[in-house]
Amino acid sequence: MQEPKTANYFLDITTEVCPLTFVRTKILVERMAAGETLEVRLNAGEPLENVPRSLAELGHAVLAVEPENREDPSGPHRLWVRKR
């Protein structure tokens, strides 16, 4: 996966809990045009496992998933997705 340099949209869901993490992400993706990208800031654990998987199951392209701090993989992550 290759990390995009910029995204059309940004969403921070680090204060949300499942299932709202995916619900908020899905609502924003539905409002985007095909081909646009979204950068999502999310927590490790359940959101990191569920949000990328659920977006991929809907047919969107998960471009990259990376920890904000490579020395602390249990901290917040960044997810980049392109709407199909």
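Further up the page is the structure itself.
Residues numbered from 1 in each chain as written. Predicted model: local features only at pLDDT ≥ 70, side-chain atom pairs only at ≥ 80, totals over all residues. Heavy atoms only, no water.

A closer look at the pattern of salt bridges
Any two side chains of opposite charge can pair, given that their charged atoms come close. Rule in force here: By salt bridge we mean one thing: a side-chain nitrogen of Lys or Arg within 4 Å of a carboxyl oxygen of Asp or Glu. A run of H or I in DSSP becomes a helix once it reaches four residues, and a run of E becomes a strand once it reaches two; helices and strands are each numbered from the N terminus. Relative accessibility thresholds used throughout: buried, under 20% of the residue-type maximum; exposed, over 50%; partly exposed, between the two (1.4 Å probe, protein chains only).
A full pass over the atoms with the stated rule returns eight salt bridges. A salt bridge links Glu68 to Arg41; the shortest N-O distance between them is 2.5 Å. Taken together, the positions of Glu68 in the loop between β3 (61-67) and β4 (77-82) and Arg41 in strand β2 (residues 37-42) put the pair 27 residues apart, joining distant regions of the chain. For Glu68, the salt bridge goes to Arg78, with nearest N and O atoms at 2.7 Å. With Glu68 in the loop between β3 and β4 and Arg78 in strand β4, this pair connects stretches of sequence that are 10 residues apart. Glu68 gets classed as partly exposed once you look at its relative accessible area, which sits at 35%. Each of Asp12, Glu39, Arg41, Glu68 and Arg78 takes part in a single network of salt bridges with overlapping partners.

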